[in-house]
Amino acid sequence: MSDESWEEQFRQFLRKTGDDFRRTGEDIKAEAQKLLDAAMDPEKQQRVRDRLNDLTVWARKTAHGVAGAVEDATSKAQTALHRATDKVTEASDASSPAGEAHAAASAARKPAATAKKGRRAKSKAAKPRRKVGGKRKK
């Protein structure tokens, strides 16, 4: 292949590529103009504002709902913490001589709770041991 034919092919390639770039640039410019015209349309702007207002109302309602759910969860956690604290206090009172009568009375009130604990212990003991480790090394 001679240098002149290669140079001619290269010039043709450059012309063709330049034309493609020009057409693509014009297409992009026309599409951008369409988008700009659509964005400047007062009717479309009003629709966007209306949708944003709807979204704002929805977001407020959702935020209030989440806040209520968090408040409920917090109060439940607080109640559970108070109950656990009371149980620990009762247990420490039971270890003292004055609290033995109180512990006996509370034990008489809660026979189902101790039965459940016994069942749980049995169910855990019945499970097979989990294998530890991986493949044997050779």
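None of the values given here were measured: they were computed from a predicted structure.

### Notes on the overall build of the chain
Scanning the chain from N- to C-terminus turns up four helices and zero strands. Order of helices (α) and strands (β) in the chain, N terminus to C terminus: α-α-α-α. Taking all 138 residues of the chain together, the buried fraction comes to 1%. Here the chain has roughly 13,200 Å² of accessible surface; of this, 59% comes from carbon and sulfur atoms.

### Observations concerning the packing of aromatic side chains
Counted under the stated rule, the structure contains one aromatic pair. Relative to F10, the ring of W6 has its centre 5.5 Å away and its plane inclined at 5°; by these criteria the two rings are stacked. With a gap of four residues between them, W6 and F10 both fall in helix α1 (residues 3-40), about one helical turn apart. For F10, a relative accessible area of 40% translates into the label partly exposed.

### Here we look at the pattern of salt bridges
Counted by the stated rule, this structure contains four salt bridges. We note a salt bridge from R11 to E8, for which the minimum N-O separation is 3.8 Å. Taken together, the residues span about one helical turn, with R11 and E8 both in helix α1 at a distance of three residues. Overall, the relative accessible area of 32% leaves E8 in the partly exposed class. Close ionic contact of R22 with D19 constitutes a salt bridge, the shortest N to O distance being 2.7 Å. Taken as a pair, R22 and D19 lie in helix α1 at a separation of three residues, close to a single helical turn. Linked through salt bridges whose partners overlap, the residues forming this network are E7, E8 and R11.

Conventions we followed
- Residues numbered from 1 in each chain as written.
- Predicted model: local features only at pLDDT ≥ 70, side-chain atom pairs only at ≥ 80, totals over all residues.
- Heavy atoms only, no water.
- Helix = DSSP H or I, 4+ residues; strand = E, 2+ residues; numbered from the N terminus.
- Buried < 20%, exposed > 50% of the residue type's maximum accessible area, 1.4 Å probe, protein only.
- Areas by Shrake-Rupley, 256 points an atom, 1.4 Å probe, with all protein chains shown as cover.
- Phe/Tyr/Trp six-rings, centres within 6.5 Å; stacked < 30°, edge-to-face > 60°.
- Salt bridge = Lys/Arg side-chain N within 4 Å of Asp/Glu carboxyl O.

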